There are 2 protein chains.
Amino acid sequence: MKGMVYGVGVGPGDPEDMTLKAVRLIRDNEVIALPGKEPKETVAYRIAVQAVPELADKMLMALDIPMLKDFDKLAVYHREACDRLEAILDSGRHVVYLTLGDPTLYCSFSYLQHILEEDGYEVKLVNGVSSVFAAAARLGEPLAEWGESVHILPQTYKKAVSLDQNGTCVLMKSCKYMDTVKAMLRESGRRVTAVENCGMPNEKVYRSLEEIPDDAGYYTLIIAKEARS
Amino acid sequence: MKGMVYGVGVGPGDPEDMTLKAVRLIRDNEVIALPGKEPKETVAYRIAVQAVPELADKMLMALDIPMLKDFDKLAVYHREACDRLEAILDSGRHVVYLTLGDPTLYCSFSYLQHILEEDGYEVKLVNGVSSVFAAAARLGEPLAEWGESVHILPQTYKKAVSLDQNGTCVLMKSCKYMDTVKAMLRESGRRVTAVENCGMPNEKVYRSLEEIPDDAGYYTLIIAKEARS
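What comes next concerns the included structure.

Calculation notes
Residues numbered from 1 in each chain as written. Chains lettered and ligands numbered in written order. Predicted model: local features only at pLDDT ≥ 70, side-chain atom pairs only at ≥ 80, totals over all residues. Heavy atoms only, no water. Helix = DSSP H or I, 4+ residues; strand = E, 2+ residues; numbered from the N terminus. Rg over C-alpha atoms; globule rule 2.2 N^0.38 Å. Buried < 20%, exposed > 50% of the residue type's maximum accessible area, 1.4 Å probe, protein only. Contact = heavy atoms within 4.5 Å. Axes fitted to C-alpha atoms, helices over the stretch in contact; angles between N-to-C directions. Parallel < 35°, antiparallel > 145°, perpendicular 65-115°, else oblique. Left-handed = near helix turned anticlockwise from the far one by under 90°. Nonpolar A, V, L, I, M, F, W, Y, C, P; charged D, E, K, R; others polar.

**Comments concerning the overall build of chain A**
The helix and strand tally for chain A stands at six helices and ten strands. For chain A, whose C-alpha radius of gyration is 19 Å, the value lies close to the compact-globule estimate of 17 Å for 229 residues. Residues classed as buried in chain A amount to 56% of the 229 residues present. Long-range contacts, defined as pairs at least 24 residues apart, comprise 67% of the intrachain contacts of chain A with a sequence gap of at least 6.

**Brief notes about the packing of helix α3 (residues 71-90) of chain B against helix α4 (residues 109-118) of chain B**
Residues and elements named next belong to chain B. Viewed as axis vectors pointing N to C, α3 and α4 meet at an angle of 60°, and their least axial separation amounts to 10 Å. Here α3 lies oblique to α4, going by the angle between them. Note that α3 runs across α4; the crossing there is right-handed. Side by side, α3 and α4 meet where His-78, Arg-79, Ala-81, Cys-82, Leu-85, Glu-86 and Leu-89 of the first sit next to Tyr-111, Leu-112, Ile-115 and Leu-116 of the second. Class assignment for the residues of the contact of α3 with α4 results in eight nonpolar, one polar and two charged.

**Some points on unusual backbone geometry**
Most peptide bonds take the trans form, and the phi angle of most residues other than glycine is negative. For Trp-146 of chain A, which is not glycine, the phi torsion reads 40° and is therefore positive. Tracing the backbone shows Trp-146 of chain A in the loop between α5 (131-139) and β6 (150-154). The phi angle at Tyr-106 of chain B is positive, at roughly 50°, despite the residue not being glycine. Its place among the elements puts Tyr-106 of chain B in the loop between β4 (95-99) and α4. Here Tyr-106 of chain B falls in the buried class, since its relative accessible area comes to 14%.

Below, the structure written as structure tokens:
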């Protein structure tokens, strides 16, 4: 019988954000896949090993998938990663694939999941705390109350996202276009807070738009709330 | 010294979705607050006690806050709940307030948090898995990939939410207006899936709009994705 792939979120950084199910799956399985070059240097490993020290003695597979915009080149890396995963699955062993945050939101595992399922393998997703909620908790403020909407807006192209929304806007991956994004936020009149590297040792909290540096990093998450009258 | 209130999410239903931090805070503290009438009959208790059996022997406080639309009447219940919490905090003990899902999204604890902070007490939010992500994981599908936006839209009034958005729409609290919502979804041409009571023993998964019953309950979460060309 073929093994199963578990796409498991380890949360954004604090090992205590890991769920009991994530801990159990790591303990109960021998093969752990990690996104990156060197298994023990991946962010997911460094988070998880603090909560589950046994991880250090598992069979660790690093799947190196670079962030490319050329989808044809990217497809070669995905295929290669799936070939390696499928060799394990064909031997009847399960694979626990660890990923930052939650595996259902902007997760590089999603690409592999599509291929694996098409190839006839079974995939299960196991939630972790998403950085969207972790940032709100870190700021100590609800993301949304009662009838307020939440809009999670990734800024992945030069084209600006629209802040013309009711409720709370969460801006992710804005780092490359921070000057444009900040100008847009200023114009919107929204109340802005942000967390960089939420849950990591180098975490930074910004309580206003002005505090966010123009060179804030990739893991900067901006929460822009409607100004209250 | 005054105690601290921890607003702790226990996830949507599966006790294994609880985080290590939630488990530790329950173990380490004596006073646990729960939203509802009878402490041991609250949903949060029934989830958490499966992961942390010691919970049964804690000092349990049920805070009964009914779902009222009259904000003046509601304010009386909030004030009373905060008075009870503050009496504990003034004695130097911490309180762990357990809540379904994540404490930053549509959480009744948020109202208490505002009052407690205004009264000079310290509040910390501790994430749980949100039903938004839990439903996506249960369906085995990413909520969003790469540049896709996610719009979390609570249907709390008769006025219909707008599906005129790019990316994925997540509709919550639609049960009262299910016929209107279903008509709107049909017109949108979106690909619709839903989970009712995600993670609970009475969980139901719907793979199409047609499968969702008109009398689906309060904890029904609809995911409406843009149709792919």
